[in-house]
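Below are the chains, spelled out letter by letter.
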Amino acid sequence: MIKDIFVNYIDWSQPSLLVAMASICFNPLFWNIAARQEYRTHIITRLAGGNARWGCYALAITIFSLGIFRDSLYHTAMQHQPTHPELDYVEVKVVAGILFLVGNTLVLSSMWALGLTGTYLGDYFGILMDAKVTGFPFNITDNPMYQGSTMSFLAAALWYGSPAGVVLTGLVHIVYTLALGFEEPFTSMIYSKRDTRRSAKTE
Ligand SMILES: *[C@@H]1O[C@H](CO)[C@@H](O)[C@H](O)[C@H]1NC(C)=O
């Protein structure tokens, strides 16, 4: 059945499908490379005239724009793909609507809780959070941003009844999981360095 979907309901000859895949992979790669370069060489801060906060805002705008661009490539890819009759039910649209609402709630509330610099890699610029954010939505999941974003992708795939959309959502999930494995140890390292410095000061 899975094979049937990959063979009959996904048109691999459409360039827009590969373009969407490339964009999905590119985005986390871009922000991780940019953030680590910033951490090592302060390149973005220097480009921003020595102001880390402005550097972080510039990176935020870039990442946000890349996200909008990726979403539009995702929608274009789905438009060029067949739909599946099994997904053409009102129940599927209801599930899509719920996923969309929950996903967006997770993304927007975590942005609200973290603030702009907390959301967009401020830690790499030396703009650290005072304390770990533990309130909603971080009291229900560790990675509300990634999970919420993945849910929104799945919501769109189900809404349009697009098997290709579901496959692209699977790719989003894989790419985010890899990104987390790469990011989490690094940010923990940044914060543990800060905590060591803090405790050295108070002693
Ligand atoms: C998470 O926090 C929110 C708001 O502070 C609260 O309403 C909710 O019950 C909490 N959820 C859990 C599972 O603790």
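Rules and cut-offs
Residues numbered from 1 in each chain as written. Predicted model: local features only at pLDDT ≥ 70, side-chain atom pairs only at ≥ 80, totals over all residues. Heavy atoms only, no water. UniProt positions renumbered as here; feature names shortened; annotations may be inferred. Helix = DSSP H or I, 4+ residues; strand = E, 2+ residues; numbered from the N terminus. Buried < 20%, exposed > 50% of the residue type's maximum accessible area, 1.4 Å probe, protein only. Near = heavy atom within 4 Å. Polar contact = N/O pair within 3.5 Å; in protein donor to acceptor, adjacent residues only side chain to side chain.

By the naming in an unreviewed UniProt entry, the protein chain goes by Phosphatidyl-N-methylethanolamine N-methyltransferase and is assigned to Piptocephalis cylindrospora. Listed under Sequence similarities (unreviewed entry) in UniProt, the entry text for the protein chain is "Belongs to the class VI-like SAM-binding methyltransferase superfamily. PEMT/PEM2 methyltransferase family." Looking at the protein chain in UniProt, the text filed under Function (unreviewed entry) is "Catalyzes the second two steps of the methylation pathway of phosphatidylcholine biosynthesis, the SAM-dependent methylation of phosphatidylmonomethylethanolamine (PMME) to phosphatidyldimethylethanolamine (PDME) and of PDME to phosphatidylcholine (PC)."

(A) Region of the structure containing the overall build of the protein chain. Within the protein chain, the regular secondary structure consists of 7 helices and 0 strands. Secondary structure elements of the protein chain, listed N to C terminal, follow the sequence α-α-α-α-α-α-α. Expressed along its principal axes, the backbone C-alpha trace of the protein chain runs to roughly 65 × 35 × 25 Å. Looking at the 203 residues of the protein chain, the share that counts as buried comes to 43%.

(B) Region of interest: the site of the ligand. Around the ligand, the structure places Phe-136, Asn-139 and Ile-140. Side-chain polar atom of Asn-139 to an oxygen atom of the ligand: 2.3 Å apart, as the coordinates give it.

(C) Fine view of the UniProt feature "transmembrane region" (unreviewed entry) in the protein chain. According to UniProt, the feature "transmembrane region" (unreviewed entry) maps to residues 12-33, 54-74, 94-114 and 160-182 in the numbering used here. In residues 94-114, helix accounts for 100% and strand for 0%; the two terminal C-alpha atoms are 30 Å from one another.

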